[in-house]
Amino acid sequence: MAKAPSVLVLNGPNLNLLGTREPEIYGTATLADIEALCRKQAKALGLTVDCRQSNTEGELVGWIQEARDSAAGIVLNPGAYTHTSVAILDALLAIGLPVIEVHLSNTHKREDFRQQSYVSRAAEGVICGFGVQGYLLALEAMAALLADRRGK
Ligand code: CA2
């Protein structure tokens, strides 16, 4: 039987604080809750996940580079780096893996500075505004995308 494709589920700065503050924007689930739900969803979809979070841009860039050899795709919530990081965009473009961008909140309903995403230029698609469910939808989309690519 073929090995289950691995998906890197990457969360950026401050997402380790989920469930402790601003529940009206980001919900009540903790990062550990989200990662457990992702593991469950991945299993149901025939995937495995490697879940990581960092508050530093360089560490995120390093993990994205490493994913070239270890992952079939990336589900990424870059946090505030979404709106600032050319370094993360360049790393994603350099490795050429399929990327799905996720945001818990609907960034389009929020401040002007959240309207631009550098990361979206490297993403197959973007899911925002569905809270935790967004990660599960992203994994479903990734499974379909990878199956489609394998069939070609
Ligand atoms: O909606 C999202 O998922 C965001 O990526 C979250 C980022 C924000 O900068 C983006 O514009 C949209 C912020 C994550 C901060 O997370 C916190 C969680 C709990 C308490 C405080 C911050």
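Refer to the structure presented above.
Residues numbered from 1 in each chain as written. Predicted model: local features only at pLDDT ≥ 70, side-chain atom pairs only at ≥ 80, totals over all residues. Heavy atoms only, no water.

### Details of the overall build of the protein chain
Here is step 1: Within the protein chain one finds 5 helices and 5 strands.
Here is step 2: The order of α-helices and β-strands along the protein chain, N terminus first, is β-α-α-β-α-β-α-β-β-α.
Here is step 3: Taken over C-alpha atoms, the radius of gyration comes to 14 Å for the protein chain, in line with the 15 Å a tight globule of 152 residues would show.
Here is step 4: When each of the 152 residues of the protein chain is scored for burial, the buried share is 47%.
Here is step 5: Taking as baseline every contact in the protein chain between residues at least 6 positions apart, the subset at least 24 positions apart corresponds to 77%.
Here is step 6: For the protein chain, the accessible surface area stands at approximately 8000 Å², while carbon and sulfur atoms represent 51% of it.
Here is step 7: Across the protein chain, the centroid of the 14 positively charged side chains sits 6 Å from that of the 16 negatively charged ones. (Helix = DSSP H or I, 4+ residues; strand = E, 2+ residues; numbered from the N terminus. Rg over C-alpha atoms; globule rule 2.2 N^0.38 Å. Buried < 20%, exposed > 50% of the residue type's maximum accessible area, 1.4 Å probe, protein only. Contact = heavy atoms within 4.5 Å. Areas by Shrake-Rupley, 256 points an atom, 1.4 Å probe, with all protein chains shown as cover. Lys, Arg positive; Asp, Glu negative; His and termini not counted. Charge placed at Lys NZ, Arg CZ, Asp CG, Glu CD.)

### Quick look at the site of the ligand
Here is step 1: Around the ligand, the surrounding shell holds 16 residues, and the nearest of these are N77, H83, L104, S105 and R114.
Here is step 2: N77 is positioned with one of its side-chain polar atoms (N or O) 2.8 Å from an oxygen atom of the ligand.
Here is step 3: One of the side-chain N or O atoms of S105 is found 2.6 Å from an oxygen atom in the ligand.
Here is step 4: In isolation the ligand has 510 Å² of accessible area, and contact with the protein removes 94% of it.
Here is step 5: Split by residue class, the shell around the ligand holds 6 nonpolar, 7 polar and 3 charged. (Near = heavy atom within 4 Å. Polar contact = N/O pair within 3.5 Å; in protein donor to acceptor, adjacent residues only side chain to side chain. Nonpolar A, V, L, I, M, F, W, Y, C, P; charged D, E, K, R; others polar.)

### Observations regarding the pairing of strand β4 (residues 99-103)
Here is step 1: Burial runs high along β4: 5 of the 5 residues are buried.
Here is step 2: Across the two faces of β4 the burial is the same, with V99, E101 and H103 and I100 and V102 all buried.
Here is step 3: Note that strand β3 (residues 73-77) and β4 share 3 bridges and pair parallel. Bridged to I74 within β4 is V99.
Here is step 4: Remark: the β3/helix α4 (residues 86-95)/β4 crossover connection has right-handed handedness.
Here is step 5: Relative to strand β5 (residues 125-128), β4 is paired through 4 bridges, and the arrangement is parallel. Bridging across to β5, H103 finds its partner in C128. (Pairing = 2+ DSSP bridges. Right-handed = clockwise from strand over helix to strand, strands pointing away.)

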